[in-house]
Amino acid sequence: MPVPEHMEFFIDPNRCIGCQSCVQACGECDTHKGHPMIHLEYVDRAISVQTTPVVCMHCNTPTCAEVCPADAIKVTEDGVVQTARKPRCIACSNCVLACPFGVPKMKTEFELMMKCDMCYDRTSVGKKPMCATVCPSQALFFGTREEIEQIRPRSVSNNRFQFGQQVITTKVNMLFPKDNPIQHLNVTDAMNEQPVDQSFTLEMLMDAIGI
């Protein structure tokens, strides 16, 4: 059965409290073989402990599937991008390198790329993904658009992302505050940014501990 069209996945990174409940629950999903397919990333670890959950965004034109030389990554009729199929996956990691969201992981013990499949065994029969079921702050929400608009009236959803000249539309929605414009990050410039506190030197550390 396909995932009901009116049921959508929403991520609100501003509500993530870093509790890792989603990570633990994800590992319990029958299709993940005990390995969580969701992980938390620090937004800017140098200045904050704020985390954000990272799941597969299920792109309408998934780059991971496009670069797979073995045609191992399939998309269901309802747009859910699946983990690589074991008989076909050659563990080349092309998909891992190509994903703009950094989602697929190469599980070397299985020689298989594994990723979030939105708990397809659950969502295809009308249940919520494991992560959305346990998230205490509802940073991960699975439901109708009417429901999310009712409980988050000050948020707006987005499922269109641009990486360089490439525009990607996703099945998963990201929530942002209505009163804050969506920011654009130039990754190339960000790579050249200097550390936040450049004045913190080895000499200062030695002075602090009395060496």
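Conventions used here
Residues numbered from 1 in each chain as written. Predicted model: local features only at pLDDT ≥ 70, side-chain atom pairs only at ≥ 80, totals over all residues. Heavy atoms only, no water. Helix = DSSP H or I, 4+ residues; strand = E, 2+ residues; numbered from the N terminus. Buried < 20%, exposed > 50% of the residue type's maximum accessible area, 1.4 Å probe, protein only. Contact = heavy atoms within 4.5 Å. 1 Å grid on protein atoms, 1.4 Å probe; cavity = no way out; pocket = protein on both sides within 12 Å on 5 of 7 lines; lining within 4 Å. Points joined across faces, edges and corners; volume = space filled by probe spheres on them. Nonpolar A, V, L, I, M, F, W, Y, C, P; charged D, E, K, R; others polar.

(A) Broad picture of the environment of V3. Note on placement: V3 falls in the segment before β1 (8–11). V3 gets classed as buried once you look at its relative accessible area, which sits at 6%. Each C-alpha atom of the pair V3 and S124 lies 4.3 Å from the other, and the pair is 121 residues apart in sequence. In this view, V3 contacts D78, V80, Y120, T123, S124 and F142; residues no more than four positions away in its chain are not counted.

(B) Just empty space enclosed by the protein, in detail. Inspection of every chain in the model, using the stated rule, returns four cavities of 30 Å³ or more. In this structure, the largest cavity occupies an estimated 90 Å³ of space. Along the walls of the largest cavity sit 14 residues, with C56, C59, P62, C64 and C99 positioned nearest its centre. For the lining of the largest cavity, the class distribution of residues is eleven nonpolar, two polar and one charged.

(C) Structural detail: the layout of surface pockets. Estimated volume of the second largest pocket: approximately 190 Å³. Considering the residues around the second largest pocket, the lining is formed by D12, N14, R15, I151, R152, P153, R154, S155, L175, F176 and P177. In terms of residue count, the dominant contributor to the lining of the second largest pocket is strand β8 (residues 166–177) (three residues).

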